[in-house]
Amino acid sequence: SAVISQKPSRDICQRGTSLTIQCQVDSQVTMMFWYRQQPGQSLTLIATANQGSEATYESGFVIDKFPISRPNLTFSTLTVSNMSPEDSSIYLCSAEGALDPDTQYFGPGTRLTVL
Amino acid sequence: AQKVTQAQTEISVVEKEDVTLDCVYETRDTTYYLFWYKQPPSGELVFLIRRNSFDEQNEISGRYSWNFQKSTSSFNFTITASQVVDSAVYFCALKDAGNMLTFGGGTRLMVKP
């Protein structure tokens, strides 16, 4: 299985600011994803991070609010822009590896609090 | 559209009791995968098991066992002789032909000493 790390692990931010979360995988993977988990809720897919092209966003999520980059096969970033308290959530990245394309493995998550 | 339902939002047991977490799914596809993930209080999501739709054999891994029944569209998870370290939120998930992972609402398991 792929080992996935995320930075930062947690942050407390002020309203109106932006935060960029980094996701690093220890091996080349085919697919990378970003999820949001609001307090006490299940996971919701934000977008699929496509290598070398624009991310594919799910309904309710837009690029201006959640810009995503994926410059290579092992790294992706998610930016939460112009934050409000409603953005307080855990943000998780996941990946499907070339050797195990049917299973998503998850990073440890970034716990974001917006004041 | 696919859907995963975990009717039990919270379960509380005493250590050493057996506990079963229910998962019911809906999909129109004949080929799909089912998963269980564990999310301890630290927040990371830990993969536990994957089962494809053509393999209905039950699986046992230590104190964990899984019962997959296509006839009832269920994929239940049993922990035998529960321990305090089993306390976590458990998510059932479905991946079908659309290749997207759909999660259930999660079941919070509390194991008391």
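Residues numbered from 1 in each chain as written. Chains lettered and ligands numbered in written order. Predicted model: local features only at pLDDT ≥ 70, side-chain atom pairs only at ≥ 80, totals over all residues. Heavy atoms only, no water.

I'm lost on unusual backbone geometry in this one. Help?
Among all residues save glycine, negative phi is the norm, and among peptide bonds the norm is trans. Look at the link from lysine 7 of chain A to proline 8 of chain A: it is a cis peptide, with omega at -5 degrees. The topology assignment puts proline 8 of chain A in the loop between strand 1 (4-7) and strand 2 (10-13). Located in the positive-phi region is lysine 16 of chain B, a residue other than glycine, with phi close to 85 degrees. Here lysine 16 of chain B falls in the exposed class, since its relative accessible area comes to 69%. (Helix = DSSP H or I, 4+ residues; strand = E, 2+ residues; numbered from the N terminus. Buried < 20%, exposed > 50% of the residue type's maximum accessible area, 1.4 Å probe, protein only.)

Looking at this model, I keep getting lost on the environment of phenylalanine 68 of chain B. Mind explaining?
Residues and elements named next belong to chain B. Along the polypeptide, phenylalanine 68 turns up in strand 8 (residues 64-69). Expressed as a C-alpha distance, the spacing of phenylalanine 68 and leucine 34, which sit 34 residues apart in the sequence, is 9.1 Å. Setting aside residues no more than four positions away along its own chain, phenylalanine 68 makes contact with Tyr25, Tyr32, Leu34, Arg51, Asn52, Ser53, Asp55, Glu56, Asn58, Ser74 and Phe75. (Contact = heavy atoms within 4.5 Å.)

What is the right way to read the state of the cysteines from this model?
Every disulfide links exactly two cysteines, by a covalent bond between their sulfur atoms. Tallied over the full model, the rule gives 2 disulfides over all chains. For cysteine 23 of chain A, the disulfide goes to cysteine 93 of chain A, at an S-S distance of 1.9 Å. Every disulfide takes its handedness from the sign of the S-S torsion; for cysteine 23 of chain A and cysteine 93 of chain A that torsion is 70 degrees, giving right-handed. Of the two residues, cysteine 23 of chain A is situated in strand 3 (residues 19-25) and cysteine 93 of chain A in strand 9 (residues 89-97); the sequence distance between them amounts to 70 residues. Cysteine 93 of chain A carries the same exposure label as cysteine 23 of chain A, and that label is buried. What pairs with cysteine 23 of chain B in a disulfide is cysteine 92 of chain B, and their sulfur atoms sit 1.9 Å apart. Handedness of the cysteine 23 of chain B-cysteine 92 of chain B disulfide follows from its S-S torsion of about -65 degrees: it is left-handed. Of the two residues, cysteine 23 of chain B sits in the loop between strand 3 (19-21) and strand 4 (24-26) while cysteine 92 of chain B sits in strand 10 (residues 88-95), which places them 69 residues apart along the sequence. Looking at the unpaired cysteine 13 of chain A, the closest cysteine sulfur is the one in cysteine 93 of chain A, lying at 17 Å. (Disulfide = S-S within 2.5 Å.)

I'm lost on the interface of chain A and chain B in this one. Help?
How big an interface is tends to be stated in terms of the accessible area lost upon association of its parts. Between chain A and chain B, the contact holds 22 residues from the first and 19 residues from the second. Taken together, the two surfaces of chain A and chain B that pack against each other cover about 1,500 Å², and 51% of this comes from carbon and sulfur. When residues of chain A are sorted by the area they lose upon contact with chain B, Ser42, Asp102 and Phe106 of chain A head the list and together hold 30% of the total. Linking lysine 95 of chain B and glutamate 96 of chain A is a salt bridge whose minimum nitrogen-to-oxygen distance equals 2.8 Å. Linking chain A with chain B are 7 residue pairs in polar contact (both at pLDDT 80 or more), by the criterion used here. For the side of chain A that touches chain B, the elements supplying multiple residues, two or more each, are strand 4 (29-37), strand 5 (44-49), strand 9 and strand 10 (104-106) of chain A. (Buried area = accessible area lost by both parts, 1.4 Å probe. Salt bridge = Lys/Arg side-chain N within 4 Å of Asp/Glu carboxyl O. Polar contact = N/O pair within 3.5 Å; in protein donor to acceptor, adjacent residues only side chain to side chain.)

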